[in-house]
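The chain contents come next:
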Amino acid sequence: MEKTFSKHTVAKTHYVPYATDGAKENSGGSTAIMIMGAILATIFAASTAYSGMKAGLTVAAGIPGSIIGSGMVGVFAKKKGIFGKNLLQGMSSGGESIASGMIYVLPAIIIIGGKVNFFAGIAVGALAVLFAVGVASLVENYLLVEENGKLMYPESTAISEALDASEAGGDSLKHMGIGFGIGGIITLLTTQVFGWVNSVMTFVGNSSYRWKISTEVNPMLAGIGFVVGLDVSLTMFAGSILANFGITPLIAYFTQMAGGGAHVWNDTHMLMSQMNIDMVAGSYTKYIGAGMMLCGGIIGAIKLIPVIVTSIKKTLNARNDVGEEKNSLGVVSLLVAAIAIFIVGAFLAGNIVIAIIAGILSLVLALLFVIVSARLAGTIGCSNAPVSGMTIASLVVMTLVFALMGWTANAHNEILLLFGVFIVTAISVGGAYTQTQKVNYLVGGRRSEMMKYFMIAALIGVVVVGTTVILAPQLAIKSANPPFGLPQANLIATLTTGILSGNLPWIMIIVGIIIAIVCWMLGLSIMTVALGFYLPISTTSIILVGALLKLLIEKLTKDKALRETRLSSGVSLSSGLIAGGSIIGLIGIILHVTGVLSNRVPAGFAGSNGMAVILLIIMAATIVIPLMRIKQPARKAQKQ
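Residues numbered from 1 in each chain as written. Predicted model: local features only at pLDDT ≥ 70, side-chain atom pairs only at ≥ 80, totals over all residues. Heavy atoms only, no water.

Moving on, we come to the overall build of the protein chain. Regarding its fold elements, the protein chain presents 21 helices and four strands. For the protein chain, with 640 residues in total, the buried portion stands at 58%. Expressed as a percentage of contacts within the protein chain between residues at least 6 apart in sequence, the contacts between residues at least 24 apart total 84%. (Helix = DSSP H or I, 4+ residues; strand = E, 2+ residues; numbered from the N terminus. Buried < 20%, exposed > 50% of the residue type's maximum accessible area, 1.4 Å probe, protein only. Contact = heavy atoms within 4.5 Å.)

Positive phi is not limited to glycine here, since Y153 has a value of about 45 degrees. Secondary-structure assignment places Y153 in the loop between helix 4 (118–146) and helix 5 (154–168).

So, about the confidence of the model for the protein chain. Within the protein chain, residue pLDDT values average 82, and 85% of them lie at 70 or more. Element-level pLDDT for the protein chain is lowest in helix 21 (residues 634–639), with a mean of 44, against a maximum mean of 94 in helix 20 (residues 609–628). Counting contacts from residues 1–14, a segment whose pLDDT is below 50, to residues more than four positions away or on other chains yields 42 contacts. In the model, residues 318–323 has pLDDT below 50 throughout and makes four contacts with residues more than four positions away in sequence or in other chains. (pLDDT = per-residue confidence, 0-100.)

Moving on, we get to the nonpolar core. The biggest cluster of nonpolar side chains holds 113 residues, and the ones touching the most others in it are M398 and F422. Here the element with the most residues in this core is helix 13 (residues 410–443); it accounts for 14 residues. Filtering out sequence-adjacent residues up to four positions away, F422 remains in contact with V124, L127, A128, F131, I341, S362, L363 and A366. With 46 residues, the next largest nonpolar core counts M201, V228, I578 and A579 among its residues. (Core = buried A, V, L, I, M, F, W, Y, C linked by side-chain atoms within 4.5 Å.)

Below, the discussion takes up the side chain of T496. Along the chain, T496 turns up in helix 15 (residues 487–500). For T496, a relative accessible area of 0% corresponds to the buried category. Apart from residues lying up to four places away in sequence, T496 is in contact with L395, T399, N413, L416 and L417.

As judged from the two bridges shared by strand 3 (residues 263–264) and strand 4 (residues 267–271), these two strands associate in the antiparallel manner. Its bridge partner lying in strand 4, H263 is registered against L271. (Pairing = 2+ DSSP bridges.)

On to the environment of M201, then. With respect to the helices and strands, the residue M201 is situated in strand 1 (residues 200–206). Judged by its relative accessible area of 10%, M201 is buried. As for M201 and G607, which are separated by 406 residues in sequence, their C-alpha atoms are 9.4 Å apart.

Across seven bridges, strand 1 lies against strand 2 (residues 210–216) in antiparallel orientation. Note on strand 2: the bridge partner recorded for V204 is K212.

A few words now on the packing of aromatic side chains. Applying the stated criterion to the full structure yields seven aromatic pairs. Centre to centre, the rings of F118 and F119 are 5.4 Å apart; their planes meet at 80 degrees, and the pair counts as edge-to-face. Ring geometry for W211 versus F245: centroids 5.7 Å apart, planes at 25 degrees, classification stacked. Taken together, the residues W211 in strand 2 and F245 in helix 8 (residues 230–255) connect sequence positions 34 residues apart. Judged by its relative accessible area of 22%, W211 falls in the partly exposed class. Using a relative accessible area of 24% as the deciding quantity, one classes F245 as partly exposed. Taking NZ or CZ as reference, K286 lies 4.6 Å from the ring centre of Y534, over its face. (Phe/Tyr/Trp six-rings, centres within 6.5 Å; stacked < 30°, edge-to-face > 60°. Lys NZ or Arg CZ within 6 Å of the ring centre and 35° of its normal.)

Given a rise of 1.5 Å per residue, 20 residues ought to cover 28 Å, and the 28 Å separating the end C-alpha atoms of helix 20 matches this to within 8%. When helix 20 is considered as a whole, its buried residues turn out to be M611, A612, L615, L616, M619, A620, I623, V624, P626, L627 and M628. (Expected span 1.5 Å × (residues − 1).)

Here we come to helix 17 (residues 526–534). Across the nine residues of helix 17, nine count as buried, placing the element largely inside the fold. All buried positions along helix 17 are accounted for by I526, M527, T528, V529, A530, L531, G532, F533 and Y534.

The grouping of I507, I510, I514, I517, V518, W520, M521, L522 and L524 at the surface amounts to a nonpolar patch, some 900 Å² of accessible area in total. With respect to the secondary-structure elements, I517 resides in helix 16 (residues 506–521). (Patch = residues over 30% accessible without salt bridge, like charges linked within 9 Å, V, L, I, M, F, W, Y side chains within 5 Å. Areas by Shrake-Rupley, 256 points an atom, 1.4 Å probe, with all protein chains shown as cover. Salt bridge = Lys/Arg side-chain N within 4 Å of Asp/Glu carboxyl O.)

In contact at an axis separation of 8 Å, helix 2 (residues 62–76) and helix 3 (residues 81–111) are set at 140 degrees when each is read in the N-to-C sense. The pairing of helix 2 with helix 3 is recorded here as oblique in orientation. Considering how the two elements wind past one another, helix 2 and helix 3 form a crossing that is right-handed. Each of G62, G65, S66, G69, S70, M72 and V73 in helix 2 lies in contact with helix 3, whose residues at this interface are G81, G84, K85, L88, Q89, S92 and S93. (Axes fitted to C-alpha atoms, helices over the stretch in contact; angles between N-to-C directions. Parallel < 35°, antiparallel > 145°, perpendicular 65-115°, else oblique. Left-handed = near helix turned anticlockwise from the far one by under 90°.)

Rendered as structure tokens:
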């Protein structure tokens, strides 16, 4: 009988993994799987680092890794089956997660005129991997098992659907293939690859009430919206509404009144009165979002203290119950990282006091946001997790402490950013690891085996990304058209330099904290609202579209059994959307940043809002029509 993972994720008490212990006894890891996984980890780490530094864009590797890994296992290690494929997707995510973190901060050291020792960068990154995996392992049972059905882990579901489809075939594979085709074709047509048609509809208000709304016709994001559902999508979009139609227009209204002597805080050559709506959002509204995430992270961590304590006690007791795995590797990794960060910090800083204070701050902030990142992976997946926002919030705290201690020289900023590398890498790895272990849980693999393979892949990623970043002299080039754009690194360099020099809009951070407290008092999910506040509305709006398409299917289908079948098939189709959009998008980014394809802007009607509207209608129709054509529940068909 064909199995679909989504049918088992509603209630944790009824969940049945792909296979029992007996079925996986001789499956999974091997030398061949390790070699193939190392290759995938290297490829995804290098390509993600390069494309991220060039264009500020990264694509989570879980979906592409599962598709490519399935092909590799089918050719080179067929007997390893779905468990071998599962390990390969985990190793792909492990390598990519390093790049999605380190590239935000490590180049910032070069931007401020500092120098990074190659081995220092490797040491900090490796400790971040050990710490993140160790922390996440303490709460993963709670997040993955006890919260199963509550935390949806949309990308984990999509990856497990992809792995399941590669084994089972049938309707699951059919609908995933439809989704893959939709996602791939639409992505090919847009500026992500060939640039033949415009995929972003934008409307701007230029009167005294200045606003901007845009929607990107992105099948990957629409697929995520279908999986996470209306509640999460709508709450996230509410944050975007607040940012784009409340806060930003208000700030823009007052900037128009600014006199000729008022300059933008992070650009002394730009008058505040000359800022357009995008500049207002980037220079001010973003920092309100960072303040919200800072407050939300603290509140979220406080709520999880009982879970952390319980997890630690359970780990230390290390019972040998049937079906329960020990977490000795996770505990050892956590302890090693927590101790070694002070030793490495003292060596790098040359100052024991700095090493102790910065080490404590780094461990606390990393602990806080690794847990937050792990939970965010359960709501929106890793592709759209606000790693940069959590990093900004962390660095604001650390830089403030450095400033209060009088450590304001450029050399101190270098040390600060190295500890920032530890934090951001841990945040990125924490989310990716938890997402990977959720796939492993859905498949039925061994948790300890996945931890080992993921950790090895992540350490490979540290070496690859360290080489890519540190040995690239082009990073220091500043011109109108530099070899690498480094948007996140430039922002972080500006942030830390601004705080240490006393030139930062602290009012924005404080306002963000106040808004977060109000959300908490109203019983809203702070991080979900903050995520929508921080992300572009073009992203959150298309996620909402995906959720609305799911709602449409629900409302149009009156029969309960048929509705369940259509929604289950919708998850498979959405998995294909995510797979097609991410794989083709990743290929497109690489082709663009390597110069194989030139950046092409569609002109005429092809570049208009009307074209984007047509593309949106086509995408919606190609998602809804195949699902509405399903006339009979799968379980009835199986009885015949």
